[in-house]
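Notes for the structure review
Each chain, letter by letter, is given below.
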Amino acid sequence: MSGQSLLVPGKLSPTRPVPASIPRPEYVGKPGPTPYTGPEVQDAETIEKMRDASRIAARAMEAAAAAVAPGVTTDELDRIAHAYMVDHHAYPSDLGYRGFPKSLCTSVNEVICHGIPDSTVLRDGDIVNLDVTAYIHGVHGDCNATYFVGDVDEESRLLVERTRESLDRAIKAVRPGRQINVIGRVIESYAKRFGYGVVRDFTGHGINTSFHSGLIIPHYDDPRATTVMRPGMTFTIEPMLTLGTHEYDIWDDGWTVVTKDRRRTAQFEHTLVVTADGAEVLTLP
């Protein structure tokens with residue numbers, strides 16, 4: 001395990017502007033989004049729009065990831081992803097969502113999710129998750145991945161690689177007619193091989209014209225997750241695995257979620273649509 005010191009909050013830069021010509025999600029400037037009341041199964045036109053939003057999100061994440069290196073600030077990663085989305089006429093879905101101040105989440109080492117980009121400088125041996133969502137044509141596309149910063153210790157490297165593998169296995173388990181809980185069953189059974197914790201309170205979600213539709217995708221075997229998958233359903237799978245406990249604390253900023261034991265954690269995410277015989281991953285660059 002790396003001997004890196006624990007993360008502390010940095011300084012926030014001013015809010016980055018988005019041209020007025022780029023349409024905003026309905027929740028921007030409000031305390032929260034309007035509850036989604038539409039269907040979980042989307043029509044072909046909506047899915048095609050989501051392909052575009054998802055590609056933009058994936059490419060923005062890829063652009064920011066290319067800058068990941070020791071000495072780079074998480075705020076600089078936010079600047080790159082923000083610029084990519086805006087340049088492609090997309091709105092960064094995170095910006096203004098329930099008051100979130102930045103355009104992507106940067107979760108370093110013990111941060112499970114929702115880390116706020118700031119003046120924090122990445123160090124050799126860190127791992128950092130970039131979580132990017134783009135809004136265009138009235139729909140969202142959401143993805144994340146965990147990256148190595150310089151020379152990373154073996155324990156962290158394996159955690160990251162196995163978390164990616166858990167997502168791949170979960171996607172392969174998606175089939176029409178199966179219950180949602182098969183997704184978490186596959187992730188949890190794989191994670192248990194290595195003694196990893198599986199975060200329970202932060203989940204995958206339905207996504208479409210709504211950033212979070214209300215459909216919940218647990219990453220553990222939850223017997224309550226009995227919704228049956230149907231062709232055209234769109235949702236994210238985004239397992240969060242930890243080296244220790246799945247329990248967590250939240251910083252005073254109200255966003256940054258850290259493991260209670262402050263051990264490292266990794267996450268990967270794709271937006272997908274259920275097809276006639278499996279799943280199509282939409283968030284491929």
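Keep in mind it's a predicted model, so treat the numbers as computed, not measured.

Rules of the game
Residues numbered from 1 in each chain as written. Predicted model: local features only at pLDDT ≥ 70, side-chain atom pairs only at ≥ 80, totals over all residues. Heavy atoms only, no water. Helix = DSSP H or I, 4+ residues; strand = E, 2+ residues; numbered from the N terminus. Buried < 20%, exposed > 50% of the residue type's maximum accessible area, 1.4 Å probe, protein only. Lys, Arg positive; Asp, Glu negative; His and termini not counted. Salt bridge = Lys/Arg side-chain N within 4 Å of Asp/Glu carboxyl O. Polar contact = N/O pair within 3.5 Å; in protein donor to acceptor, adjacent residues only side chain to side chain. Contact = heavy atoms within 4.5 Å. 1 Å grid on protein atoms, 1.4 Å probe; cavity = no way out; pocket = protein on both sides within 12 Å on 5 of 7 lines; lining within 4 Å. Points joined across faces, edges and corners; volume = space filled by probe spheres on them. Nonpolar A, V, L, I, M, F, W, Y, C, P; charged D, E, K, R; others polar. Disulfide = S-S within 2.5 Å.

**Quick look at the side chain of Glu110**
- For Glu110, the location among the structural elements is in the loop between β2 (105–108) and β3 (111–113).
- Buried charged residue Glu110 carries no salt bridge. Nearest counter-charge: Arg262, at 5.5 Å.
- Among the polar contacts made by the side chain of Glu110, one reaches the main-chain amide nitrogen of Leu7 at a distance of 2.7 Å.
- Other than its neighbours up to four places away in sequence, Glu110 contacts Leu6, Leu7, Val257, Val258, Thr259, Arg262, Arg263, Arg264 and Thr265.

**Focus on empty space enclosed by the protein**
- Enumeration according to the criterion identifies one cavity of 30 Å³ or more in this entry.
- A volume near 40 Å³ is recorded for the largest cavity.
- If you go around the largest cavity, the residues you meet are Ser107, Val111, Ile112, Asn129, Thr146, Thr265, Ala266 and Gln267.
- Only β3 and β13 (265–267) provide two or more residues apiece to the lining of the largest cavity.
- Of all the elements, β13 adds the most residues to the lining of the largest cavity, at three residues.
- A breakdown of the residues in the lining of the largest cavity according to their chemical character gives three nonpolar, five polar and no charged.

**A short note on the state of the cysteines**
- In total, this model carries zero disulfides according to the counting rule given.
- The thiol of Cys143 is not disulfide-bonded; the next cysteine sulfur, from Cys105, is found 12 Å away.

**Quick notes on the layout of surface pockets**
- Approximately 460 Å³ is the volume attributed to the largest pocket.
- Together, 23 residues line the largest pocket, and Tyr97, His114, Phe202, His205 and His212 are the ones closest to its centre.
- Mapped onto the lining of the largest pocket, the elements with two or more residues apiece are β4 (127–136) and β7 (204–205).
- Classifying every residue of the lining of the largest pocket by side-chain character gives nine nonpolar, seven polar and seven charged.
- If you go around the second largest pocket, you meet 15 residues; those closest to its centre are Glu26, Pro33, Thr34, Ser210 and Phe211.
- Of the residues that constitute the lining of the second largest pocket, the class distribution is eight nonpolar, five polar and two charged.

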